[in-house]
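Examining the three-dimensional arrangement
Single-letter residue listing:
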Amino acid sequence: MNIDPVSSINEVNQINLLNVNTNTGDFQKAIQDALNNKDKQKLKEACIDLEAVFVNQMLTEMRNTIPKDPLTGDDFATDVFTTMMYDNYAQSIAQNSGIGLADEMYNQLSKKI
């Protein structure tokens, strides 16, 4: 079985784009639900989730500037593992004070509750 590395990378990028679009739609729904129910905890969680999506995109673009390591190779499994690792990095960064984006969004949106 021969897997084309170029099409595999395109598939990973399409999956990442789908995740961003899904997360953005989820964020909008979560914000509306939090505002309608006047639930500040759900609002805070939605802001943290959006910050995680933003940080993930930032880390992904940064990762794209790093040359591929000849030791580990450039295959689909490495791309999937690295993508999952960076997803976890982004979630950890957002959960642990992040870059301040979630706090600023929360401060602005909580005024409506």
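Residues numbered from 1 in each chain as written. Predicted model: local features only at pLDDT ≥ 70, side-chain atom pairs only at ≥ 80, totals over all residues. Heavy atoms only, no water.

Helix and strand counts for the protein come out as four helices and zero strands. Element order for the protein, N to C, with α for helix and β for strand: α-α-α-α. Expressed as a percentage of the 113 residues in the protein, the buried residues total 27%. By sequence separation, contacts in the protein at least 24 residues apart represent 80% of the contacts at least 6 residues apart. (Helix = DSSP H or I, 4+ residues; strand = E, 2+ residues; numbered from the N terminus. Buried < 20%, exposed > 50% of the residue type's maximum accessible area, 1.4 Å probe, protein only. Contact = heavy atoms within 4.5 Å.)

This brings us to the nonpolar core. By size, the foremost hydrophobic cluster in this structure holds 14 residues, and its most contacted members are Phe27, Ile31, Leu43, Cys47 and Leu109. The set of elements that each furnish at least two residues to this core consists of helix 1 (5–37), helix 2 (40–64) and helix 4 (101–109). Top element by residues in this core is helix 2. It accounts for five residues. Dropping the residues within four chain positions of it, Ile31 is found in contact with Leu43, Ala46 and Leu109. (Core = buried A, V, L, I, M, F, W, Y, C linked by side-chain atoms within 4.5 Å.)

Each pair of packed helices can be described by the angle between their axes along with the distance between the axes. Taken N-terminus to C-terminus, the directions of helix 2 and helix 4 make an angle of 140 degrees; their axes are 8 Å apart at the nearest point. One way to sum up the angle between helix 2 and helix 4 is to call them oblique. Taken as a pair, helix 2 and helix 4 cross one another with a handedness that is right-handed. Of the residues in helix 4, those touching helix 2 at Lys40, Leu43, Lys44, Cys47, Ile48, Leu50, Glu51 and Phe54 are Leu101, Ala102, Asp103, Met105, Tyr106 and Leu109. Tallied by class, residues from the contact of helix 2 with helix 4 come to 10 nonpolar, no polar and four charged. (Axes fitted to C-alpha atoms, helices over the stretch in contact; angles between N-to-C directions. Parallel < 35°, antiparallel > 145°, perpendicular 65-115°, else oblique. Left-handed = near helix turned anticlockwise from the far one by under 90°. Nonpolar A, V, L, I, M, F, W, Y, C, P; charged D, E, K, R; others polar.)

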